[in-house]
Amino acid sequence: MARFLTVRNVNPDPRGLMSKVVFALMLVVAAPAVLGVAQSALAADDSAADGQLKAPNEMFAIHGQFTYVEQETLGFNAPYSGPNSLSSNSGRETTDATLYVGAALWSGAEVWIDAELDQGFGLDDTLGVAGFPSGEDYKVGKNQPYLRLPRLFVRDTLNGEGERVAVDAGANQLGGDRSVNRLVFTFGKFSVVDIFDNNQYAHDPRGDFLNWTNLDAGAFDYAADAWGYSVGAAAEWYQDAWTIRAGVFDLSNVPNSVHLDPGFHEFQMIAELEKRHVIADHPGKVMVTAFDSRARMGLLEQAVQLAQSTDSPVAIATVRQYRSRMGAVLNLEQQLCADLGLFARVSKAAGNVEAYDFTDVDRSVSAGLSLKGSAWSRTQDTAGLALVDNGISAERERYLNAGGLGILVGDGKLPHPGAEEILETYYDAAVLPHAQLTVDYQYIDHPAYNRDRGPVSVWAVRFHAQF
């Protein structure tokens, strides 16, 4: 998912939409046929110990995706602006294309490497709103496409007793089968939210909602570099209806940086408990996630007091010391009927310390619905509606009012603070067997917690193709 430190370019020169769409259509048309032949040749059929045939286990897989997002703000009230303010009547675009390559290592183990080309900018270089309106926008923006490796990891699954269930083949997942009771170990480079804080109705900026604080819990300040990825390890224990997860991940070397800490001295520990259930034949789950970040971070009140006593600008870097910032998330996912699902998240983090790697949120509540289009004979279409309420502590309000800058927000002053309230709705339509076209609208009241600016209307169009 998208995020993090912005590399500014004062003369953006985005490529045309037509060339990107043509490239995507070539992938969509050609890749499935080629991939089908390769995977059929490489798939292996294993037999279970009791002689029953298991699902075919893939030995090698190649997948790909292409996503283009165009996003624009309409005019809104803005009597003043600061270094990190959102602009009125502005628009930006982003493009990314990813190749996923995976291979089996030994029984239950697989290795994946993702290679990605990125290009484009978020609105105002991904600044101006804590609940930023596009999860496809990184905090790094460039005019020309550039290559990076967001993931390189190994996953090892140790199957226990219990029913064997099929695993669908997909990006970063070899097809086959696994036991419902199992241990899973993942290590390498990947995103924390690949494993933690998952929700099938609100977690994929290429397929459902776009707003950061709908995709993930707003106050979940998870470890990441400028693109949203980290180096670390996670362990998961699945036992009947329960799962326990734990992980440790490298933080960036300084808050909101493009570089991870080279010595792993600044790190984050995460624990998660998941309980799955069925209510009236409809599945759901509840998850509780807790995190503790250990790094050099500044106290907001201390930064304000130092600036006042020295008659100098507020600079959080001057008061950084090694300390902890903790937080927790409650995550609900519930199917209401065959085509309708509900999601909700509540999150809270310590509000006296600067945010580190995600965004400027100390508390957040989000909830929404996801509806499949079966009722109007569009089974591959999805419509979504969500509400978000993001808030910050009194210490962070004073810090921003004194001219301090956060990860994404900072209007130069904040005399009239208020909760950042967001409504988002989208319609995702299947336009080809492997491609979707989405229209997304967001209404953001009190952007960057500022009652003096906004409300803002943000429109987006997203084209996504995958194989």
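Residues numbered from 1 in each chain as written. Predicted model: local features only at pLDDT ≥ 70, side-chain atom pairs only at ≥ 80, totals over all residues. Heavy atoms only, no water.

1. Some details on helix H3 (residues 300-310)
Restricting attention to buried positions, one finds in H3 the residues Leu300, Ala303, Val304 and Ala307. The buried residues of H3 occupy an angular sector of 100° when the element is viewed end-on, so they sit on one face. Asp311 lies just past H3 and shows a positive phi near 50°. (Buried < 20%, exposed > 50% of the residue type's maximum accessible area, 1.4 Å probe, protein only. Helix = DSSP H or I, 4+ residues; strand = E, 2+ residues; numbered from the N terminus. Arc of directions from axis to C-beta.)

2. Focus on the packing of H3 against helix H4 (residues 394-401)
Close contact between H3 and H4 brings their axes to 8 Å; oriented N to C, the two are set at 35°. For the crossing formed where H3 meets H4, the hand is left-handed. Of H4, the residues touching H3 (which contributes Leu300, Glu301, Ala303 and Val304) are Glu395, Arg396, Arg398 and Tyr399. Across the contact of H3 with H4, the residue classes tally to 4 nonpolar, no polar and 4 charged. (Axes fitted to C-alpha atoms, helices over the stretch in contact; angles between N-to-C directions. Left-handed = near helix turned anticlockwise from the far one by under 90°. Contact = heavy atoms within 4.5 Å. Nonpolar A, V, L, I, M, F, W, Y, C, P; charged D, E, K, R; others polar.)

3. Topic: the nonpolar core
Judged by nonpolar contacts, the single largest core of 58 residues is most densely connected at Val192, Phe196, Phe220, Tyr222, Phe249, Ile270 and Tyr399. Among the elements of the structure, strand S11 (282-298), H3, H4 and strand S18 (456-466) are those that each provide at least two residues to this core. Looking at this core, the element that brings in the most residues is H3, giving 4 residues. In this structure, Ile270 is in contact with Val192, Phe196, Phe220, Arg245, Ala246, Gly247, Phe249, Thr289, Ala290 and Phe291, ignoring residues within four places of it in sequence. (Core = buried A, V, L, I, M, F, W, Y, C linked by side-chain atoms within 4.5 Å.)

4. Points about H4
When we look at burial in H4, the residues that qualify are Arg396, Tyr399 and Leu400. Taken around the axis of H4, the buried residues stretch over an arc of 95°, which confines them to a single face. Close packing links the buried residues of H4 with H3 and strand S12 (320-337).

5. What about the pairing of strand S4 (residues 142-159)?
Note: strand S3 (residues 109-120) against S4, 10 bridges, orientation antiparallel. Opposite Glu110, over in S4, you have Arg155 as the bridge partner. The pairing of S4 with strand S7 (residues 182-190) spans 8 bridges and is antiparallel. If you follow Asp156 over to S7, its bridge partner there is Phe185. (Pairing = 2+ DSSP bridges.)

6. Regarding the packing of aromatic side chains
Two aromatic rings are characterised by how far apart their centres lie and by the angle between their planes. Considering all chains together, one arrives at 13 aromatic pairs under this definition. Seen in terms of ring centroids, Phe220 and Phe291 are 5.4 Å apart; in terms of plane orientation they differ by 40°. Their pairing is tilted. Linking Phe220 in the loop between helix H2 (212-215) and strand S8 (230-239) with Phe291 in strand S11, this pair joins segments that are 71 residues apart in sequence. Centroid distance Tyr441 to Trp459: 4.7 Å. Interplanar angle 45°. Geometry classified as tilted. Taken together, the residues Tyr441 in strand S17 (residues 435-445) and Trp459 in strand S18 connect sequence positions 18 residues apart. Overall, Tyr441 belongs to the buried group, its relative accessible area being 18%. Residue Trp459 is classed as partly exposed on the basis of its relative accessible area of 42%. (Phe/Tyr/Trp six-rings, centres within 6.5 Å; stacked < 30°, edge-to-face > 60°.)

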